[in-house]
Amino acid sequence: LTLKPPDELLWDGVSLFSRGEWSEARDKLLGALKSLQEVRGVWLRCGEECGLQGAQLEEAVMERADCLLSCERLQLKEPSLYRLTQDTEKTFQKGAPYNYLQVAHYRLEELDEAAAAAYTFYVRNPYHEQIQGDVTRYRTMKGVPEQSFRDLEEPPYKALFAQAMSLLSQERFATAVLRLEESLSSCLSTIHDCRTLCEGTRERENETHRDFPEVIAEYYAQVLQCKQRCILEVSSSPGQKPTQPDILVSHLQMLQEGYAQLGDWESAAQIARSLLLFHPHNETVLESLNGYEQKQQSQSEIRPRENIASYVRQALSEKKLLYYVMENLDIDFQDPDLWTPEEIIPEGLRERIRAERATAEEAGGQLPYEEVMVTLTPRQMNGTSRVTLDGVLSDEECEALLGLVQEAEASGEALRRRRSPHTSHERIQGLTVMQALQLASSGLVDRNRAHFLYHATERVRVLTQSYFETKMLHFSYSQLVCRSAIEGEQEERSDLSHPVHADNCILDPEEKECWREPPAYIHRDYSGMLYLNDDFLGGDLFFTELDGTTVTAEVRPRCGRLVLFSSGGENAHGVRAVTQDRRCAITLWFTGSAGHAEQERFQARTIVTGEVSKTGEEAESKPARTGREASRTGTSRNEGTDKPSGRQQRRRVARKIRDEL
Ligand SMILES: O=C(O)CCC(=O)C(=O)O
Ligand SMILES: [Fe+3]
């Protein structure tokens, strides 16, 4: 290999970048990515050559290490130079080089490459503010076509799978099946590579002070965990919770459907049998299989695909071992699969794991803020795309925003109380982020409070995006709104503070339809209501069916509570009359369409965050450690503490692992 090590190239690139030497920086950064790819190739080839099979004894493990070393030496001369620290590896994994690259390309007026690099970084860092701004800017630039927004590190099966899905929907079954087979084998080979890379010797540094069986036990536990996680790596979009934890199962389901449509009963039966390896009791599959077997000609018994069967066998034996380790050592194992049969989980752990799975399923997308919790799930709210979160604002933050309302009101201009357009019994007043910022710049309201209003709305955008696992969302409109009861005009009130409506279509209760046409704001995709207080009477938010009267859910506002929902007719809603005091909330609407992004938001952004960062400095800001990352390094649940019999226990477990491998 003639290339320099990836980390060296990366740091050279970064330092050239900081001096504004764009074209040299670009070349080094591209070199770093290329170098990494080639080094990975070497690791893979050597991993294959020095397979772990038969490594049941300490000697064999040593032998393998020797084999790896001499194999790598042959191709890299000094393999240790090419080894990456965990930090550097993470830097590459998070796509950091692409953030520098996109700026360099941009400066060199290579817009297509710039947008692609920016998008690649964005996909891995969807909560990174600077890149969101940059991607949005590229999107609104003339001369950057949609195709420029591609993920440069996307594994090949993703595109194949997408093509196959679209072919299926066009009922072009023969081509769809071909594409699916390609996609499946490409997917399996990505998994295979990922697993091979898990076996490298790289994780073993700094472990030499431990005695040998311990090292082996923990080393294997780590390797196995790493291998188990490969399914997640191929199933998920980087930077996001996997939306499809069973990519293999999805492939098989589609294939079964495709073969059945083609009347290829034998293949359909074979796929059905393969599916049953994951879900042995699935009634639908069992029924279909029955049908296929009756129709097909050949007399021989139909067996599942060997490559799938061997994947499942392997996965199961690894899981068994990992659960055993989890029970006996303080090593946590987070099983990525939902199909794992309970039988292989040690009884002592079942209850806990069942509970964990249930919460994981209910909680929806991963939320990027630790304080925020789902308090009403979509199911509890009797809907699909609606959810209630608490803890989005602290009490002090609500106070600050209510204080802002007070100040703005006192300043005269902006926050005049008008009669509500919805009811004659209430007044309504509204303040946009931009208005708040302008008042702050004239010294009429507290600057920090005005800036905080911006950040609070940004928080909601991020939450909406991650809860619904959507692509990037843009602000369509947002405003802090207070509704107050007019004193002395509340007797015998029977109307609502806000009549039942939907946010992106015109509700037609008679027809039980919602017409998505102007003057409705048809481009709005998600709505968010972030509440600031609860010291008022009435004012609950409620959801109804399309008839506008059957109430399906009701939510009491309070500080820091956020109700998120998709903006269509599936979420018709209204607000009960506010009969005493004042109810304040930030109302927000988001759109997935960059073209409908609110221009005012860009201005506000510039005021609050300064110009869009052009230096990529934030590229390395560390994201919060997620559960998944924590488990990635195999961190033990209580590091440092050893059970009294810890050492012996470890030895025993080590022996067991060795014997079973
Ligand atoms: O304030 C609320 O709870 C809901 C307001 C609303 O639905 C709207 O403004 O469209
Ligand atoms: Fe609404």
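Let us look at the structure shown here. As the structure is a prediction and not an experimental result, all values here were calculated from the model.

### Topic: the nonpolar core
Residues L401, L480 and I586 are the most contacted members of the largest nonpolar core, which totals 45 residues. In terms of residue count, the dominant contributor to this core is helix α19 (residues 447–467) (eight residues). Other than its neighbours up to four places away in sequence, I586 contacts L401, L453, A456, T457, Q479, L480, G528, M529, L530 and L532. Within the second largest apolar cluster, 41 residues are counted, among which are L180, L184, C187 and I191.

### Details of the pairing of strand β16 (residues 582–591)
Within β16, ten of the ten residues are buried, which leaves it mostly tucked inside the rest of the structure. Side chains of β16 alternate between two faces, with R582, C584, I586, L588 and F590 and R583, A585, T587, W589 and T591 buried alike. Of the strand pairs in this sheet, strand β5 (residues 474–485) and β16 are connected by ten bridges, and their pairing is antiparallel. In the strand pairing of β16, F475 is matched with F590. Summarising the sheet, strand β9 (residues 526–531) and β16 pair through six bridges and their orientation is antiparallel. By the bridge assignment, L530 is partnered in β16 with I586.

### Here's the deal with the site of ligand 1
Near ligand 1 you find R483, H498, H501, D503, M529, Y531, L541, H573, V575, R583 and W589, and these make up its full shell. In this structure, an oxygen atom belonging to ligand 1 sits 3.3 Å away from a side-chain N or O atom of D503. In this structure, an oxygen atom belonging to ligand 1 sits 2.8 Å away from a side-chain N or O atom of H573. Expressed as a share of its isolated accessible area of 290 Å², the protein-covered part of ligand 1 is 93%. Looking at the shell around ligand 1, the elements that each hand over two or more residues are β6 (496–501), β9, β14 (572–576) and β16. Of the residues contributing to the shell around ligand 1, the split by class is five nonpolar, three polar and three charged.

### So, the packing of aromatic side chains
Scanning the model with the defined rule gives twelve aromatic pairs in all. Taking the centre distance of 5.9 Å and the plane angle of 70° together, the rings of Y106 and Y138 count as edge-to-face. Taken together, the positions of Y106 in helix α6 (residues 96–107) and Y138 in helix α8 (residues 129–140) put the pair 32 residues apart, joining distant regions of the chain. Between Y119 and Y122 the ring centres are 6.2 Å apart and the planes differ by 45°, which places this aromatic pair in the tilted class. One end of the pair, Y119, and the other, Y122, are both in helix α7 (residues 111–124), three residues apart, so they sit about a helical turn from each other. Aromatic ring contacts, followed pair by pair, group F17, W22 and Y100 into a single cluster.

Conventions and cut-offs
Residues numbered from 1 in each chain as written. Chains lettered and ligands numbered in written order. Predicted model: local features only at pLDDT ≥ 70, side-chain atom pairs only at ≥ 80, totals over all residues. Heavy atoms only, no water. Core = buried A, V, L, I, M, F, W, Y, C linked by side-chain atoms within 4.5 Å. Buried < 20%, exposed > 50% of the residue type's maximum accessible area, 1.4 Å probe, protein only. Helix = DSSP H or I, 4+ residues; strand = E, 2+ residues; numbered from the N terminus. Contact = heavy atoms within 4.5 Å. Pairing = 2+ DSSP bridges. Near = heavy atom within 4 Å. Polar contact = N/O pair within 3.5 Å; in protein donor to acceptor, adjacent residues only side chain to side chain. Areas by Shrake-Rupley, 256 points an atom, 1.4 Å probe, with all protein chains shown as cover. Nonpolar A, V, L, I, M, F, W, Y, C, P; charged D, E, K, R; others polar. Phe/Tyr/Trp six-rings, centres within 6.5 Å; stacked < 30°, edge-to-face > 60°.

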